[in-house]
Structure formats: structure tokens, C-alpha cells
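# Summary of structural features
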Amino acid sequence: MAMLDEPLYPIAILIDELKNEDIQLRLNSIRRLSTIARALGEERTRKELIPFLSENNDDDDEVLLAMAEELGVFIPYVGGVEYAHVLLPPLETLCTVEETCVRDKAVESLCRIGLQMKESEIVDWFVPLAKRLAAGEWFTARVSSCGLFHIAYPSSPDMLKAELRSIYGQLCQDDMPMVRRSAASNLGKFASTVEQSHLKADVMSMFEDLTHDDQDSVRLLAVEGCASLGKLLEPSECVSHILPVIINFSQDKSWRVRYMVANQLYELSEAVGPETTRSELVPAYVRLLRDNEAEVRIAAAGKVTKFSQILGPELAIQHILPCVKDLSSDSSQHVRSALASVIMGMAPVLRKDATIEQLLPIFLSLLKDEFPDVRLNIISKLDQVNQVIGIDLLSQSLLPAIVELAEDKHWRVRLAIIEYIPLLASQLGVRFFDDKLGALCMQWLEDKVFSIRDAAANNLKRLAEEFGPEWAMQHIVPQVLDNMNNPHYLYRMTFLHAISLLSPVMGADITFQKLLPVIINASKDRPPVAFVTIILCGFRVPNIKFNVAKVLQSFLPIVDSSVVEKTIRPCLVELTEDPDMDVRYFAGQALQSCDQLMISG
Amino acid sequence: MSGKGGGEGSAAMPSPLNPPHEWKFSQVFGERTAGEEVQEADIISAIEFDKSGDHLATGDRGGRVVLFERSDVKETMQYGSRRDLEKLDYTICRHPEFRYKTEFQSHEPEFDYLKSLEIEEKINKIRWCQTANGALFLLSTNDKTIKFWKVQEKKVKRLSEMNVDPPHTARNDRITSSTISSPKASLTNGGYSDRPHNLSNDFKFPPGGFPSLRLPMVACQGTSLASRCRRIYTHAHDYHINSISNNSDGETFISADDLRINLWNLEISSQSFNIVDVKPANMEDLTEVITSSEFHPSQCNTLAYSSSKGSIRLIDLRQSALCDNHSKLFEEHETPGSRSFFTEIIASISDIKFSKDGRHILSRDYMTLKLWDINMNSGPVASFQVHEYLRPKLCDLYENDSIFDKFECCLSGDGARVATGSYSNLFRVFGSFGSNEATTLEASKNPMRKQVATPAKPMRSLTRSIRRAAEIPRVDANGNSHNLSSKLLHLAWHPSENSIACAAANSLYMYYA
């Protein structure tokens with residue numbers, strides 16, 4: 001048996017468990033690899049631990065993933081940057097496993113280490129590694145290699161640079177689509193390290209290859225590269241090299257490619273500059289807005305505002321607005337929904353006249369849309385609308401939509417609209433709100449769905465904050481207090497909750513005068529006598545009572561200490577003698593807070 | 001009906017470049033002895049060669065997947081170059097031979113409690129995926145769940161030199177575990193009785209480390225094959241999955257059930273995209289279901305699916321997200337007057353396969369095998385009668401449900417021949433272009449038995465077509481020789497060699513030419 005000092009025992013176990021049968025223990029050991037390394041010392045970590053890890057790489061993916069991650073921050077444990085290269089071999093093998101997330105993590109760790117290595121070390125160790133992977137037998141190695149070139153390239157001498165460029169070119173034409181995809185998605189990063197002169201010649205030809213790939217998935221990633229590549233090139237070259245590709249892509253046979261263009265077009269327009277955007281990209285964008293495929297229109301519709309901002313009012317009215325009109329009555333609800341979520345942003349671009357004349361009808365039709373998502377998206381951007389068209393016009397068209405949404409049969413829709421009520425309230429003002437929406441807010445408190453009742457209680461609090469305690473005293477508190485007599489205990493719970501939320505907003509006086517008596521009463525939880533059946537079934541509901549205890553606890557910081565002693569404490573004491581265990585528990589908790597308050601106060 | 005052996009669409013003479021094949025028995029796995037009962041679970045329900053042809057997988061009704069590997073070329077790869085050269089002549093003329101590699105339980109019987117449905121473990125389809133790092137990958141599916149399997153040689157390791165020895169040294173052949181209680185128990189006074197990883201933060205590490213600690217020694221003791229289920233793609237099909245197919249992009253695949261086709265990413269099992277949905281708003285309007293579906297072998301955006309009405313639709317995934325509109329439709333217009341009660345039933349396509357170059361689609365319906373050119377949708381370029389002698393008996397076949405049997409079909413790697421199964425453990429091979437080659441073989445050790453035994457034509461020098469012409473009526477005349485219970489549904493053609501694997505009940509027969 002090995003002789004070990006007792007304090008070393010845990011580390012010894014940790015080391016042994018690197019090879020345990022139980023994956024959780026192995027995982028645990030790998031996660032503590034730095035501890036093991038420190039216990040072994042730098043030299044033995046380099047000479048023993050790292051080779052050990054390199055050899056034992058046929059573990060489960062979870063373990064390998066953890067290993068790849070740990071090794072990325074392992075430089076301090078092998079003796080600093082000058083020994084960083086010893087970490088490369090285990091990561092190199094991890095770059096070849098077939099599980100994508102492990103490979104990605106290994107590449108990430110390699111890049112992290114590579115960034116810290118000295119130039120000469122990069123040339124001696126990192127570049128050969130990248131080359132080995134790029135020439136790997138299995139596609140997994142080649143896929144990983146693509147992500148390393150942007151680290152390897154800058155430190156290499158010219159000869160090597162030329163070689164690396166040509167290797168990357170080969171990767172862009174690999175037999176395996178997986179490798180070409182990886183080359184396409186890493187091209188932007190690699191290109192950013194390549195000198196201007198080679199950028200035009202070598203990188204652009206790789207880009208060209210990728211844009212002509214017969215696999216849609218490769219072309220898709222090439223589109224993504226357009227924007228980042230475009231930003232590296234001079235604007236004039238961008239126009240001559242990237243622009244035709246974009247225009248071409250925007251008419252690609254594959255809707256997925258067009259979808260990508262629609263998503264990227266704004267970034268691309270930044271790369272080519274506003275002049276070219278106006279002259280060249282607008283037709284392409286208009287085509288995408290009128291695309292056959294709904295998915296493409298959704299992506300394009302989402303960019304309407306951003307694009308209009310670049311174009312300015314005239315061009316936007318001339319080119320974009322007609323498309324927007326069509327989209328507002330699109331057959332796909334998702335397109336309309338995407339449009340509804342951004343369309344309000346167009347108002348400032350178009351200025352007031354054009355907005356009222358052109359945009360408002362669109363906006364109103366979206367507000368009457370048959371799908372709640374579309375209406376909700378409009379309402380969520382209400383503040384932007386209000387600024388442009390004014391409250392009177394807004395309220396006329398808005399209210400029917402809101403009332404309808406408030407009574408929607410899907411509770412998620414009701415929930416969404418409740419969340420916008422405070423925003424609406426702030427825009428509409430007190431008077432208007434009282435007339436139209438006050439009743440709705442109370443109605444939600446008695447919804448069948450808990451989430452709605454909960455949200456409604458919160459809503460009351462936010463309204464009280466918006467309009468102030470006096471308003472709340474008139475419009476909210478009486479109704480809430482009245483309802484504490486509701487025959488159904490679940491509703492009583494909701495009102496109890498509402499009261500607890502309201503009390504901090506209302507302040508000490510109102511809490512003491514109005515809220516507290518009701519709560520104290522609720523602590524007995526006696527339903528109205530008329531409801532004989534309830535009395536027979538269960539006279540007192542413990543859930544109400546322990547919630548009362550919680551509410552009373554929340555009152556403590558708000559009300560006077562005399563009130564605490566005179567009113568709250570006796571009530572809580574009474575509750576601690578309740579037959580129900582939970583009630584006793586929460587009452588006890590509240591009493592403890594009472595005591596603490598007394599001591600500190 | 002009886003005289004015609006096949007190749008009716010081809011009027012040309014047999015091509016001199018493609019002389020008819022003489023099929024020979026190569027191997028059998030799981031052969032039954034006379035009178036042995038077939039276990040239901042052992043019946044093979046799927047066969048598939050991988051892309052290289054070095055591996056073969058079968059699935060059975062018991063939810064198992066059995067893998068075979070090619071044994072004739074493997075040896076030359078393993079031994080040195082000298083032997084390689086010596087064997088070169090020899091291996092060229094040899095036919096592919098396979099040996100058992102491994103097997104695993106892919107699916108288990110399940111019960112869907114929501115729908116009160118039993119889900120059989122039967123493997124409906126197997127598809128091979130891209131090999132990586134010497135590991136094999138394949139997809140297998142039953143009616144509802146698709147699984148992604150990895151089969152890899154794992155090193156069997158033996159550990160030694162542990163820091164904390166296991167209590168009994170005699171057990172050091174197994175991987176030791178520190179969870180064994182005794183070493184810890186002996187140290188309880190040391191304060192590390194719990195999971196001993198709670199190193200205090202102020203623990204001091206000397207700069208040189210602790211020399212007494214050592215890493216476990218791992219010695220490799222040979223290898224063993226391990227199969228692991230990597231991903232499970234489930235809850236995406238309301239109806240029974242009839243086919244799965246990999247895309248040429250290497251990252252996606254489709255799964256098709258009666259009414260829908262879904263697109264998956266191999267790496268993402270939590271979501272799939274519905275790309276075809278033929279479910280009518282009202283199920284009473286349902287007239288047609290999807291019977292089979294396959295991706296084009298090289299064009300990532302093209303897939304074909306067949307229907308119970310005998311049509312094949314080609315879909316372009318680029319056109320839209322939900323491809324309810326086909327880009328091409330292949331249908332044979334029925335000849336007027338020939339309609340009967342069975343017309344629609346026997347028109348139902350049970351299987352489609354793309355040729356390796358993607359130019360042609362082979363389809364199998366109950367009575368015929370049809371070859372379509374994807375650039376010509378007016379009609380098939382060739383059609384072959386598989387078992388025309390059954391046509392008068394359709395009524396009986398309907399009565400005993402045989403008419404709903406789903407026969408698979410396959411093409412040779414060069415596309416020059418096509419094959420499909422029939423009853424009585426027979427399968428038929430036809431020359432696809434211009435040759436009127438048509439061979440009937442029996443899945444037994446003597447595939448040509450029927451022909452040889454034909455008393456009227458005993459001499460082998462006679463042309464094959466004449467001999468065949470005589471053979472089917474003979475079978476027909478015997479009456480009982482077409483045995484409906486022994487049907488050969490599943491078969492596969494080696495991707496590069498003239499070798500066919502076919503399943504007769506629980507036995508896997510291999511033939512070469």
C-alpha cells in the first residue's frame with residue numbers, strides 16, 4: 001500500500017478517480033485538474049500529467065469536454081507561457097473527436113493558448129499542429145483546423161503564410177461538406193488576419209468558391225461571411241467584389257440563402273455604405289420583402305425600420321412603404337407579427353404627415369388583426385406611436401383592440417396585455433384610464449387562471465405607483481377590500497396578495513387605517529354567514545391564515561411600532577396557536593421578525 | 001401473362017458489355033436447420049450496406065441491430081505490404097465476404113400511455129452515417145423513435161499504481177474505485193470520512209509538488225467493440241415511421257411517416273422541421289399516404305417520396321419551408337379498361353431508391369418494379385413484372401392480406417441491374433437498360449436450384465432467357481410452390497460489387513456474381 005501523508009489523501013483520491021468507473025467521479029477529478037497539477041508540481045505536470053491526459057482520451061464526451069475546457073486555462077500550472085506548447089498535444093487529439101461540442105471547445109482552448117504564445121513558439125508548435133489537423137485523415141480533424149488559422153497566420157513568416165493560405169484554400173474545397181462549412185464560417189476570422197494584398201487575391205477566390213458551392217448549407221455560411229469580409233475591404237472593392245455576390249444571393253434558388261441575405265442585409269449595407277445601399281441594395285431588399293417564401297418575408301419585415309433609417313424619408317416612402325402596405329395584409333400571421341413589432345419605428349423616419357397619411361392606416365389594420373400576437377406587438381410599442389399620432393386618435397382605435405385582447409380565450413394573451421397596462425396607463429392618463437380600463441383591471445383579479453390573477457395583483461401595484469396613493473385610495477383600495485368577503489378562498493388569496501403589494505405604495509397611514517383591519521379580520525377567515533355550505537365544509541382556510549401571517553410580516557417595516565405591538569402582535573400570537581402546522585410556522589416566523597424589529601428599533 | 005419473364009420495357013438485345021450474371025451462393029448467417037421454428041423476434045426487418053460496402057447492418061423484429069464487416073479485404077489491409085501484393089491477384093477475383101462483427105439492442109418495446117398504444121421494437125429502417133475516427137455511425141428507427149448509434153472499438157484497460165490501493169489486491173484486475181469503503185474507514189480519524197474532495201483553501205502546495213503522489217498506470221489489454229446510443233430523436237411522428245434517409249450534406253436527415261416528413265439535424269434531437277404534410281384538414285378526406293422517402297444521393301435539396309396511389313413526387317427544399325408543392329410528379333397513367341377492384345391497392349409503392357448517380361429512381365409496387373428517369377415524368381423508362389403469375393390470384397392475396405406486403409427494391413452500384421423480392425423466398429434480378437436479363441433466384445444455398453431442376457431444360461448451355469421462360473409457369477403449375485408465408489421483403493445491393501444480401505425470415509443470405 002502506498003504510503004501517504006494524511007493531508008494528501010484527498011488529492012490522491014482525486015488523482016485515482018481520473019480513472020474511476022463512475023463518470024461523475026471522473027468528471028469531478030477533471031474539473032479539479034488544476035488542483036492535481038499543483039499537487040504534482042509544474043515539472044511533473046508537464047512530464048506526467050499532460051502525457052497521461054493525451055493518452056487517455058477515449059473517455060465520455062462530458063469528460064472530454066471538461067478536459068478541453070480545463071486545458072485552455074492550464075498555462076500557469078505547466079510553468080508559464082514558455083511551456084505552453086506542452087498543452088497542445090492533448091488538445092490536438094481532442095480536436096479530432098466526433099462530438100462537435102468537444103471539438104469546438106478544444107479549438108477555443110487552443111486559440112486561447114495560442115494568443116498567449118510567443119511568435120517563435122507559434123511557428124514551432126502551433127502552425128505544425130494546424131497543418132497536421134488540416135491534413136487529417138478524418139473530416140473531424142480538418143473541421144477543427146479551420147478555426148486555428150487566424151491564430152497561426154499572423155506570427156508566421158512569409159513562406160509559411162503562403163502555405164497556410166493555400167491550405168485554407170484546399171479546405172474550402174474539401175470533399176466533405178462539413179469541412180467546407182467550417183471553412184466558410186471561419187473565413188471572416190481568417191481574412192481579418194490576412195494582408196490587404198492577399199485578401200483580394202487569395203481570400204476572395206476562396207470566398208468565390210464557397211459562394212458557388214452546391215451544398216446550400218455551405219452557401220448559407222458564405223452569406224454570413226459577406227458582411228465581415230466586406231468590412232475588411234475598402235468600400236470601392238466591397239462594391240466591386242461583395243456587392244454582386246449579395247445581389248446574386250438575394251435571388252438564390254434556395255429560400256434559406258435568401259433568408260440569410262434578408263437577415264444580413266442591414267450589416268451588408270453598412271459595409272457598402274449608404275450611397276450604394278440606396279442605389280443597389282434597395283431593389284434587392286424590395287425583392288426580399290416580396291419573396292414567395294414567408295420565412296424570407298419574416299426576416300425582411302423585421303428589418304424594415306433599420307433599412308428605412310439608412311434610406312431617409314423620400315426613398316423609404318417611395319420604395320419601402322408600398323411593400324409594408326402589402327405585408328400588413330400578408331397571408332402569413334408571422335410576417336404580420338414581425339412587421340407589427342418594428343413598424344412603429346418607421347414613424348420618426350417618415351415624419352408626421354407621411355405617418356398619419358400612410359402609416360396610420362397600416363397600423364390600424366394591424367391593430368384589428370385577427371391574430372393576437374400581431375395586436376400585442378403593436379400595443380407593446382405604444383409609446384412610440386403616441387408620440388407621432390397623439391392620444392385621441394390612438395385611444396379611439398386602441399381601446400376596442402385592448403378590450404378584446406383582455407378577454408381573449410388564451411390566458412397567455414391576457415397575461416401579455418396585462419403586462420402592458422401600466423405602459424398604457426402612463427400614455428393614456430388618469431381620466432381616460434378610469435373610464436375605460438379601470439373595470440378591466442378589477443375583472444382580472446377574478447380570472448380563472450392563477451397567473452392572470454397574480455399578474456393582475458402586480459398590475460394594481462404598478463398602477464398605484466403610476467397614479468399615486470390618492471388615486472389608488474379612491475379607485476383600487478375600496479374594491480379590493482370589499483372583495484375580501486369573496487366566498488371563494490382562492491380569490492380571497494388574490495386580494496390578500498394585492499393588499500400586501502399595495503401597502504408599501506400606500507404608506508403607513510392608509511395601511512394602518514384601511515388595510516390592517518381587513519387583514520386582521522382575515523386572520524380569522526370567517527366567510528360571510530350566508531354561505532352556509534362553505535361554513536359546513538371548512539370554516540377556516542389555513543392557506544388564508546398563513547398568508548395573513550406573511551402579509552402581516554410584510555407590514556412590519558411599513559407601520560408604526562405602536563401599531564405592531566397593539567394590533568399585529570396579538571393577531572400573530574393568536575395564529576401561533578392555530579391547529580394547522582403551517583399557520584403556526586409562518587406566524588412564528590412573523591413574530592420573530594417582530595422581535596427583531598423591536599430590538600433594533 | 002405466364003410466359004414473360006421480365007424486361008418488357010426493353011426491346012434491345014442483351015448488351016455485350018453486360019453479360020447476364022451467373023449468381024452464386026456466398027454466405028448465410030442464421031441458417032435454420034430443417035424443421036426449426038422461426039422465432040418472431042429473429043425475423044430480419046431491415047438490411048443496409050454502408051457507403052463503402054465494408055459493412056452491412058441488419059435489424060430485426062426483436063429490436064436488435066447486427067453488424068457484419070467485410071472479411072476478404074480487411075485482411076489485406078491489416079497485413080504488411082508484401083502480403084498485400086501477393087494477395088492482389090487473388091483478391092481481385094474474390095467476391096465480398098462478410099463476418100459477424102457485433103450486435104446491440106437498438107429498440108425496446110414501449111407503451112404509449114397517452115394513446116394506449118404499444119410501440120413495437122421492430123427495426124423499420126437502418127441508415128449508415130459518415131464514418132469518423134474509425135467509429136461506425138448509424139441511424140435505426142422503429143415506428144416512433146429514431147436512434148443514432150456509434151460503434152467503436154474501445155481499449156480494454158487495466159489500471160495499476162493507484163495512490164490508494166483497493167482493499168484486496170487480488171481485485172486489481174478490475175478498475176478500482178475509491179468508493180470502496182474500507183480505505184476511507186481506516187482514515188476516519190483523519191477527518192476525511194466524507195467525499196474527500198474538501199481541500200481547505202489554505203492548503204499549501206510546495207513548488208515542486210508532492211513526490212509521493214502518482215498517476216494511475218493504464219495498460220491496454222486488447223480492444224472490445226462498444227455500441228453507444230448517442231442521440232434519440234423522438235416525439236415527432238404521430239404515425240408510423242416508414243423511412244429515414246441521410247442528406248448528402250452530412251448534417252441532416254429526414255424521417256417520414258404516413259402523412260408527414262420531418263427534417264432533422266443529426267446533432268439536434270430536440271427539434272425537427274416539418275417539410276411535407278399531406279394530412280387533410282378532415283381525416284375523412286384522406287386518399288393517399290406517404291409510403292417511402294429518400295434524399296437524392298448528391299443534391300442536398302432534392303428528395304423524393306412515394307405514395308399509396310403509385311405516384312412519386314420530387315421535392316425541391318429550396319422552394320419553400322413547407323414543401324407541399326412537389327416540383328415533379330412521376331405517375332404512370334393507367335391503361336383504360338384495365339381497372340379493377342385491386343388496381344389502386346397494387347399500385348401502392350412500397351419502396352423507392354435513387355440510383356447512385358441520382359439520375360434514376362427505382363420504385364416497387366405490388367406487381368412490378370419500375371425505373372424512372374428523373375428528367376422524364378411521362379412514364380417509367382423500364383418496368384419489370386416481378387410475379388405476374390400471381391395476377392389471377394389477387395383476390396386470394398387480398399383475402400389473406402398478402403397484397404399489403406411491402407417489398408423493397410435495390411439497384412446495383414453501376415445502376416445496370418435492379419433487384420427485388422417475391423414469395424417462396426425468391427428474388428429477381430433484372431438488367432435495367434437495354435438488356436432483357438431477368439433472373440429468378442431462391443434465397444437458399446442453391447440459388448439456381450429451380451432452374452437446374454427444370455427437367456425439360458436440363459442443359460446449362462441453353463440461353464438463360466429461354467430457360468427462365470420455362471421456369472415460372474412450372475412454379476405456377478405446381479400450385480403450392482409459391483409459398484406466401486416465406487416472402488423475401490428485404491434485400492440490399494453492395495454499393496460497388498455484384499453482391500446481394502437478402503433476408504429470408506431470420507436468415508441472411510449473400511450472393512455474388
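What you see is a predicted model; the values in this text were computed from it and never measured.

### Considerations on the overall build of chain B
Of the regular secondary structure elements, chain B holds seven helices and 30 strands. The long-range share in chain B, meaning contacts at least 24 apart out of those at least 6 apart in sequence, stands at 58%. For chain B, the exposed surface amounts to about 23,700 Å²; the carbon and sulfur share of it is 51%.

### Things to note about the packing of helix H9 (residues 119–134) of chain A against helix H12 (residues 158–171) of chain A
Packed helix pairs are characterised by how far apart their axes lie and by the angle those axes make with each other. Residues and elements named next belong to chain A. For the pair H9 and H12, interaxial distance at closest approach is 11 Å and the crossing angle is 25 degrees. By the angle between their axes, H9 is roughly parallel relative to H12. Both H9 and H12 take part in a crossing whose hand is left-handed. Where H9 abuts H12, its residues Val123, Val127, Lys131 and Ala134 lie against Leu160, Glu163, Leu164, Ile167 and Leu171. A per-class count over the contact of H9 with H12 returns seven nonpolar, no polar and two charged.

### Focus on the sheet that holds strand S18 (residues 312–316) of chain B
Residue and element names in this part refer to chain B. The strand order across the open sheet built from four strands is S16-S17-S18-S19, with neighbouring strands paired in antiparallel fashion. A strand with exactly one partner marks an edge of an open sheet, and here the two such strands are strand S16 (290–295) and strand S19 (328–330). Strand-to-strand twist of the sheet, defined as the mean angle between neighbouring strand axes without regard to direction, takes the value 20 degrees. Direction of pairing for S16 relative to strand S17 (residues 302–307): antiparallel, over a ladder of five bridges. By the bridge assignment, Glu294 is partnered in S17 with Ala304.

### What about the interface of chain B and chain A?
In this assembly, 61 residues from chain B lie in contact with 60 residues from chain A. Approximately 5,400 Å² of surface area, both sides summed, lies buried where chain B meets chain A, with 54% of it carried by carbon and sulfur atoms. Counting every contact that joins chain B to chain A gives seven salt bridges. Connecting chain B to chain A are 21 residue pairs in polar contact (both at pLDDT 80 or more). A per-element tally of the side of chain B that touches chain A places strand S10 (residues 146–160) of chain B first, with five residues.

### Let's talk about the confidence of the model for chain B
Detail in the predicted coordinates should be disregarded across regions flagged by low pLDDT. Residues and elements named next belong to chain B. With 78% of its residues at a pLDDT of 70 or more, chain B shows a mean pLDDT of 80. Note on residues 167–197: pLDDT under 50 across the span, and 50 contacts to partners over four residues away in sequence or across chains. Contacts from residues 452–480, a stretch scored under 50 in pLDDT, to residues over four places away or in other chains number 36 contacts. Here the prediction assigns the complex a pTM of 0.78, and the interface score ipTM is 0.78.

### Things to note about the environment of Gly136 of chain A
Residues and elements named next belong to chain A. Looking at the secondary structure, you find Gly136 in the loop between H9 and helix H10 (139–145). Note: C-alpha distance between Gly136 and Thr96 (40 residues apart in sequence) is 8.5 Å. If near-sequence neighbours (up to four positions away) are discounted, Gly136 is found in contact with Ala141 and Arg142.

### Some remarks on the packing of helix H14 (residues 196–211) of chain A against helix H15 (residues 216–232) of chain A
Residue and element names in this part refer to chain A. It is the contact of H14 with H15, at a shortest axis distance of 9 Å, that shows an interaxial angle of 160 degrees. Between H14 and H15, the crossing angle belongs to the class labelled roughly antiparallel. Viewed along their axes, H14 and H15 form a crossing whose handedness is left-handed. Where H14 abuts H15, its residues Gln196, Leu199, Val203, Met204, Phe207, Leu210 and Thr211 lie against Val218, Arg219, Ala222, Cys226, Leu229 and Leu232. Class assignment of the residues belonging to the contact of H14 with H15 gives a composition of 10 nonpolar, two polar and one charged.

### Side note on the pairing of S18 of chain B
Counting buried positions along S18 of chain B gives five out of five residues, so the element sits mostly inside the fold. Across the two faces of S18 of chain B the burial is the same, with Ile312, Leu314 and Asp316 of chain B and Arg313 and Ile315 of chain B all buried.

### Re the sheet that holds S10 of chain B
Residues and elements named next belong to chain B. The sheet built from four strands is open, its strands ordered S8-S9-S10-S11 with antiparallel pairing. Two strands close off the open sheet at either side, each with one partner strand: strand S8 (125–128) and strand S11 (217–233). Across the sheet, the mean angle separating the axes of adjacent strands is 30 degrees when strand polarity is ignored. Note that strand S9 (residues 136–141) and S10 share six bridges and pair antiparallel.

### Quick look at helix H26 (residues 411–428) of chain A
An α-helix turns once per 3.6 residues; consequently, residues spaced three or four apart project the same way. Residues and elements named next belong to chain A. For H26, which comprises 18 residues, the first-to-last C-alpha distance of 24 Å matches the rise-based estimate of 26 Å (1.5 Å per residue) to within 8%. At Ile421, H26 shows its strongest bend, of approximately 40 degrees, with the proline Pro422 following within four residues. Here H26 has its buried residues at Val413, Arg414, Leu415, Ala416, Ile417, Ile418, Ile421, Pro422, Leu424, Ala425 and Leu428. Just past H26, the residue Gly429 takes up positive phi, approximately 90 degrees.

### A closer look at the side chain of Glu48 of chain B
Residue and element names in this part refer to chain B. Note that Glu48 resides in strand S2 (residues 44–49). Judged by relative accessible area, which is 18%, Glu48 ranks as buried. Here Arg127 takes part through its side chain, which lies 2.8 Å from a polar atom of the side chain of Glu48. Setting aside its immediate chain neighbours within four residues, Glu48 contacts His55, Leu56, Ala57, Ile126, Arg127 and Trp128.

### Quick look at the pattern of salt bridges
With the rule as written, the count across this model stands at 56 salt bridges over all chains. With its nearest N and O atoms 3.8 Å apart, the salt bridge here joins Glu108 of chain A to Arg112 of chain A. Placement of both Glu108 of chain A and Arg112 of chain A in helix H8 (residues 100–116) is noted, with a separation of four residues, approximately one turn of the helix. Looking at Glu108 of chain A, the relative accessible area reads 39%, which means it is partly exposed. The salt bridge partner of Asp373 of chain B is Arg359 of chain B, with a shortest N-O separation of 2.7 Å.

### Digging into the pairing of strand S25 (residues 417–421) of chain B
Residue and element names in this part refer to chain B. Most of S25 is tucked away: five of the five residues are buried. Of the two faces of S25, the one holding Arg417, Ala419 and Gly421 and the one holding Val418 and Thr420 are both buried throughout. Taken together, the three bridges between strand S24 (residues 409–411) and S25 define a ladder with antiparallel strand orientation. Residue pairing across strands places Cys409 opposite Thr420, the latter belonging to S25. Counting the residues between successive antiparallel strands, the hairpin from S24 to S25 contains five residues, one of them, Gly415, with a positive phi of roughly 75 degrees. When S25 meets strand S26 (residues 426–431), the two strands line up antiparallel, connected through five bridges. The residue bridging Ala419 from the neighbouring strand is Val429, located in S26. In sequence, S25 turns back onto S26 through a hairpin of four residues, with Ser424 there showing a positive phi of about 55 degrees.

### So, the environment of Thr368 of chain B
All names here are of chain B. When you line up the elements, Thr368 lands in strand S22 (residues 368–373). Taking the C-alpha atoms as reference points, Thr368 and Val386, separated by 18 residues in sequence, lie 5.3 Å from one another. Ignoring anything within four residues of it in the chain, the contact list for Thr368 reads Ser363, Phe384, Gln385 and Val386. Only 2.6 Å separates the side chain of Thr368 from the side chain of Asp365, close enough to count as a polar contact.

Reading the values: the criteria
Residues numbered from 1 in each chain as written. Chains lettered and ligands numbered in written order. Predicted model: local features only at pLDDT ≥ 70, side-chain atom pairs only at ≥ 80, totals over all residues. Heavy atoms only, no water. Helix = DSSP H or I, 4+ residues; strand = E, 2+ residues; numbered from the N terminus. Contact = heavy atoms within 4.5 Å. Areas by Shrake-Rupley, 256 points an atom, 1.4 Å probe, with all protein chains shown as cover. Axes fitted to C-alpha atoms, helices over the stretch in contact; angles between N-to-C directions. Parallel < 35°, antiparallel > 145°, perpendicular 65-115°, else oblique. Left-handed = near helix turned anticlockwise from the far one by under 90°. Nonpolar A, V, L, I, M, F, W, Y, C, P; charged D, E, K, R; others polar. Pairing = 2+ DSSP bridges. Buried area = accessible area lost by both parts, 1.4 Å probe. Salt bridge = Lys/Arg side-chain N within 4 Å of Asp/Glu carboxyl O. Polar contact = N/O pair within 3.5 Å; in protein donor to acceptor, adjacent residues only side chain to side chain. pLDDT = per-residue confidence, 0-100. Buried < 20%, exposed > 50% of the residue type's maximum accessible area, 1.4 Å probe, protein only. Expected span 1.5 Å × (residues − 1). Bend = angle between axes of the 7 residues up to and from the residue.

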